[in-house]
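# Examining the three-dimensional arrangement
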Amino acid sequence: MDTLIQPGTAPFWVALMVVAGLGAIEIVSVLVGASASALLDDGLGYHGPAHADAGHHEAGLLGGAMSWLNAGGVPVLVLAVVLLTAFAVAGFALQSLARHLVGPLPFGLAVPAAVAVAAPLTRWASRGIARVIPRDETHALSQRDFVGLVGTVTIGPLDQGHPGSVRVKDRHSN
């Protein structure tokens, strides 16, 4: 156990404990019938990955950083878990390397260095995750999208004033 708990690794252990706590909260909330991730996204006004390419970005430094980290591509809780995990892994790796070379780094150097490594890792990982998570999609069409298409009468005849039904394939083959 002494090899895992080294001087200068406290912030990285805290990050891992937060990840474990978030995982436990999500598991309990799903068992209760809710999702902590969905509640968090709804509370923040986040509309999910389906709107990731809608061009809506928050203004300011924090909004720009969140956009760069791909906050629109994955749920906020997933992004937090990926960021905290990358921070912890980068911190442990940096402290291990530094311990073998010169000794453990002080917090003032270790934490910013771990953040500098974790940020691009989070961007890369969240883009990969965004490709595989399900998205809400719709193929809703208006009536004018059917004008000019050829259909088959299924209930009819279609005379003046008599209702009927026509089967038409749209551009999505529905």
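Fair warning: this is a prediction, and the values are worked out from it, not measured in the lab. (Residues numbered from 1 in each chain as written. Predicted model: local features only at pLDDT ≥ 70, side-chain atom pairs only at ≥ 80, totals over all residues. Heavy atoms only, no water.)

Below, the discussion takes up the overall build of the chain. Per the secondary structure count, the chain includes five helices and two strands. Going from the N terminus to the C terminus, the chain shows its helices and strands as α-α-α-α-α-β-β. When burial is assessed residue by residue, the chain has 22% of its 174 residues classed as buried. Sequence-distant contacts in the chain: of pairs separated by 6 or more residues, those separated by 24 or more amount to 68%. (Helix = DSSP H or I, 4+ residues; strand = E, 2+ residues; numbered from the N terminus. Buried < 20%, exposed > 50% of the residue type's maximum accessible area, 1.4 Å probe, protein only. Contact = heavy atoms within 4.5 Å.)

Core analysis: the biggest nonpolar cluster contains nine residues, these being Phe12, Ala15, Ala86, Phe87, Ala88, Ala90, Ala110, Ala114 and Ala118. The element contributing the most residues to this core is helix 4 (residues 76-101), with four residues. With residues up to four places along the chain from it excluded, the contact list for Ala114 reads Phe12, Phe87, Ala90, Gly91 and Leu94. (Core = buried A, V, L, I, M, F, W, Y, C linked by side-chain atoms within 4.5 Å.)

Another aspect to go through is the packing of helix 1 (residues 10-32) against helix 4. Look at helix 1 against helix 4: their axes get within 8 Å of each other, and the N-to-C directions meet at 150 degrees. The angle between helix 1 and helix 4 places the two elements in the roughly antiparallel class. As helix 1 runs across helix 4, the sense of the crossing is left-handed. The residues of helix 4 that touch helix 1, namely those facing Pro11, Phe12, Trp13, Ala15, Leu16, Val18, Val19, Leu22 and Glu26, are Leu77, Val81, Leu84, Thr85, Phe87, Ala88, Gly91, Phe92 and Gln95. The residue inventory of the contact of helix 1 with helix 4, partitioned by class, reads 14 nonpolar, three polar and one charged. (Axes fitted to C-alpha atoms, helices over the stretch in contact; angles between N-to-C directions. Parallel < 35°, antiparallel > 145°, perpendicular 65-115°, else oblique. Left-handed = near helix turned anticlockwise from the far one by under 90°. Nonpolar A, V, L, I, M, F, W, Y, C, P; charged D, E, K, R; others polar.)

Turning our attention to helix 1. Counted at 1.5 Å a residue, the expected span for helix 1 with its 23 residues is 33 Å, and the 33 Å between its end C-alpha atoms agrees. Along helix 1, the positions that sit buried rather than exposed are Phe12, Ala15, Val19, Glu26 and Ser29. Downstream of helix 1 by a residue or two, Gly33 has a phi angle that is positive, lying close to 110 degrees. (Expected span 1.5 Å × (residues − 1).)

Bringing the packing of helix 4 against helix 5 (residues 107-132) into the picture now. Orientation of helix 4 relative to helix 5, taken along the N-to-C sense of each, is 135 degrees, at an axis distance of 7 Å. In terms of their interaxial angle, helix 4 and helix 5 are classed as oblique. With respect to the hand of their crossing, helix 4 and helix 5 are arranged in right-handed fashion. For the pair helix 4 and helix 5, contact is made by Val78, Leu79, Val82, Leu83, Ala86, Phe87, Ala90, Gly91, Leu94 and Gln95 and by Ala110, Val111, Ala113, Ala114, Val115, Val117, Ala118, Leu121, Thr122, Ala125, Ser126 and Ile129, respectively. Across the contact of helix 4 with helix 5, the residue classes tally to 18 nonpolar, four polar and no charged.

What follows concerns a nonpolar patch on the surface. A cluster of nonpolar side chains, namely Leu97, Leu101 and Val102, defines an oily patch on the protein surface of about 350 Å² accessible area. Take Leu97: it is sitting in helix 4. (Patch = residues over 30% accessible without salt bridge, like charges linked within 9 Å, V, L, I, M, F, W, Y side chains within 5 Å. Areas by Shrake-Rupley, 256 points an atom, 1.4 Å probe, with all protein chains shown as cover. Salt bridge = Lys/Arg side-chain N within 4 Å of Asp/Glu carboxyl O.)

Inspection of the entire model under this criterion finds three aromatic pairs. Geometrically, the ring pair formed by Phe12 and Phe87 is tilted, given 5.0 Å between the ring centres and 50 degrees between the ring planes. You can see Phe12 sitting in helix 1 and its partner Phe87 sitting in helix 4, a full 75 residues away along the chain. Taking the relative accessible area as the measure of exposure, Phe87 reaches 12% and is therefore buried. By the ring-pair criterion, three or more aromatic residues cluster together here, those being Phe12, Trp13, Phe87 and Phe92. (Phe/Tyr/Trp six-rings, centres within 6.5 Å; stacked < 30°, edge-to-face > 60°.)

Turning next to helix 4. Side chains of residues three or four places apart in an α-helix project in the same direction, reflecting 3.6 residues per turn. The end-to-end C-alpha distance of helix 4, which contains 26 residues, comes to 37 Å, matching closely the 38 Å that a straight helix rising 1.5 Å per residue would cover. Trailing helix 4 by a residue or two, Gly103 shows a phi angle of about 115 degrees, which is positive.

Attention shifts here to the side chain of Thr122. For Thr122, the position within the fold is in helix 5. Residue classification places Thr122 among the buried residues on the basis of a relative accessible area of 0%. Here the side chain of Thr122 touches Ala118 through a polar contact of 2.8 Å, landing on its backbone oxygen. (Polar contact = N/O pair within 3.5 Å; in protein donor to acceptor, adjacent residues only side chain to side chain.)

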